[in-house]
Amino acid sequence: MLYGELADAVITLDGYNERFSFVGNRNRLEAQIGNFAEINPIIDGGFDRLGAAWETARLRRFAVASHSRAVYYMTAALRHRIEASVEPPPAEGPTPSSVYTLPADWKEDRCIAFNLGLYRKYIGLMDAMAKELGLLTVHFIQPCPAIGKTLTSEERQVVGILDYAPTYQWLADQLLALNGEDVAVVSLLDVFDDVDGTIYADQIHCRKDGVGYRILAQRMADELERRWSPAN
């Protein structure tokens, strides 16, 4: 939004992480990951908690540097008292974490529909902003081990449970429908269909020393050329 004039295009590649928001999830799509509050202590505890974290860290360093068991136990007691003194009281209203929680009386199908609407909205907003700035844009749906590729025995040991295939295919189909609203969405679920060798290194990432990322990049480049070439 601020620096769009420095770019030529906006290209996204996602889908796998987002699919976790569509089955058994009670949070909004954009909910922060679990350790967000942990690494941002003022979120739930205010600046007192941040100060306490700084003070206990200083005491810990001092104890280690002293090489004294007595100093270590003394400072440990102080650290525990400091940490206990800044425990936040029970929340009486919305908290930075609770605002991402969906209403408790919503059934799962309503939660799924709500998050799908958010996902489609975010893609639409990125597309609208790009168009406002005169940028080209394409949203790619990333491939996954559960769909398309015939997995090797090596891959089957690292890709984990693949029962999310129906959910992921449904999500891809819902996002592809945005093409009818003049938002360019391209599925890459078939990009490894004809690849026999080992591609995946874990649940979603390709091996760094393999051909997976080269195949993926070439497919994306071909798609961009087909869409953006002056001849087209």
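Read on for a plain summary of the structure. (Residues numbered from 1 in each chain as written. Predicted model: local features only at pLDDT ≥ 70, side-chain atom pairs only at ≥ 80, totals over all residues. Heavy atoms only, no water.)

Focus on unusual backbone geometry
Note the following rule: Secondary structure follows DSSP: runs of H or I at least 4 residues long count as helices, runs of E at least 2 residues long count as strands, and numbering of each begins at the N terminus.
A positive phi angle, near 65 degrees, is found at Asp182, a position not held by glycine. Along the chain, the position of Asp182 falls in the loop between helix H6 (165–176) and strand S3 (185–187).

Here we look at the sheet that holds S3
Note the threshold: Strands were regarded as paired on the criterion that DSSP finds at least two bridges between them. For helices, the axis comes from a line fit to the C-alpha atoms of the stretch in contact; other axes are also lines fit to C-alpha atoms, and the angle between any two N-to-C directions lies between 0 and 180 degrees.
Pairing in this open sheet of three strands is parallel, and the strands run S1-S2-S3 from one edge to the other. Each of the sheet's edge strands pairs with one partner strand only, and the pair in question is strand S1 (9–14) and S3. Neighbouring strand axes in the sheet, compared pairwise and without regard to direction, differ in orientation by 20 degrees on average. Strand direction decides the pairing type here: S1 and strand S2 (residues 136–141), joined by six bridges, are parallel. Across the sheet, the residue bridging to Ala9 is Leu136, located in S2.

Here's the deal with a nonpolar patch on the surface
The line we're drawing: Residues with no salt bridge and a relative accessible area higher than 30% make up the patches, which join like charges within 9 Å and nonpolar side chains (Val, Leu, Ile, Met, Phe, Trp, Tyr) within 5 Å. The protein chains shown are the only cover counted for residues, whose accessible areas, like all others here, come from Shrake-Rupley with a 1.4 Å probe. In the sections that follow, a salt bridge refers to a side-chain nitrogen of Lys or Arg positioned within 4 Å of a carboxyl oxygen of Asp or Glu. Exposure classes here rest on a 1.4 Å probe applied to the protein chains alone. A residue is buried below 20% of its type maximum, exposed above 50%, and partly exposed in between.
Together, Met1, Leu2, Tyr3, Leu6, Met129 and Leu133 line one region of the surface with nonpolar side chains, adding up to about 720 Å² of accessible area. Mapped onto the fold, Leu133 is located in the loop between helix H4 (108–132) and S2. The class of Leu133 is partly exposed, set by a relative accessible area of 32%.

What to know about the packing of H4 against H6
Stated formally: Working definition: roughly parallel below 35 degrees, roughly antiparallel above 145 degrees, roughly perpendicular at 65 to 115 degrees, and oblique for all remaining angles. By the definition used in this description, the sense in which the near helix is turned from the far one sets the handedness, with an anticlockwise turn below a right angle giving left-handed and a clockwise turn giving right-handed. Only heavy atoms enter the contact rule, under which two residues are in contact if any of them lie within 4.5 Å. When residues are grouped by polarity, Ala, Val, Leu, Ile, Met, Phe, Trp, Tyr, Cys and Pro land in nonpolar, Asp, Glu, Lys and Arg in charged, and all others, Gly among them, in polar.
Relative orientation of the contacting elements H4 and H6 amounts to 45 degrees, with a least axis distance of 10 Å. In this view, H4 runs oblique relative to H6, as classed from their interaxial angle. Crossing of H4 over H6 shows right-handed handedness. For the pair formed by H4 and H6, the contact residues are Ile112, Leu116, Tyr119, Arg120 and Ile123 on the first element and Trp170, Leu171, Gln174 and Leu175 on the second. Grouping the constituent residues of the contact of H4 with H6 by class yields seven nonpolar, one polar and one charged.

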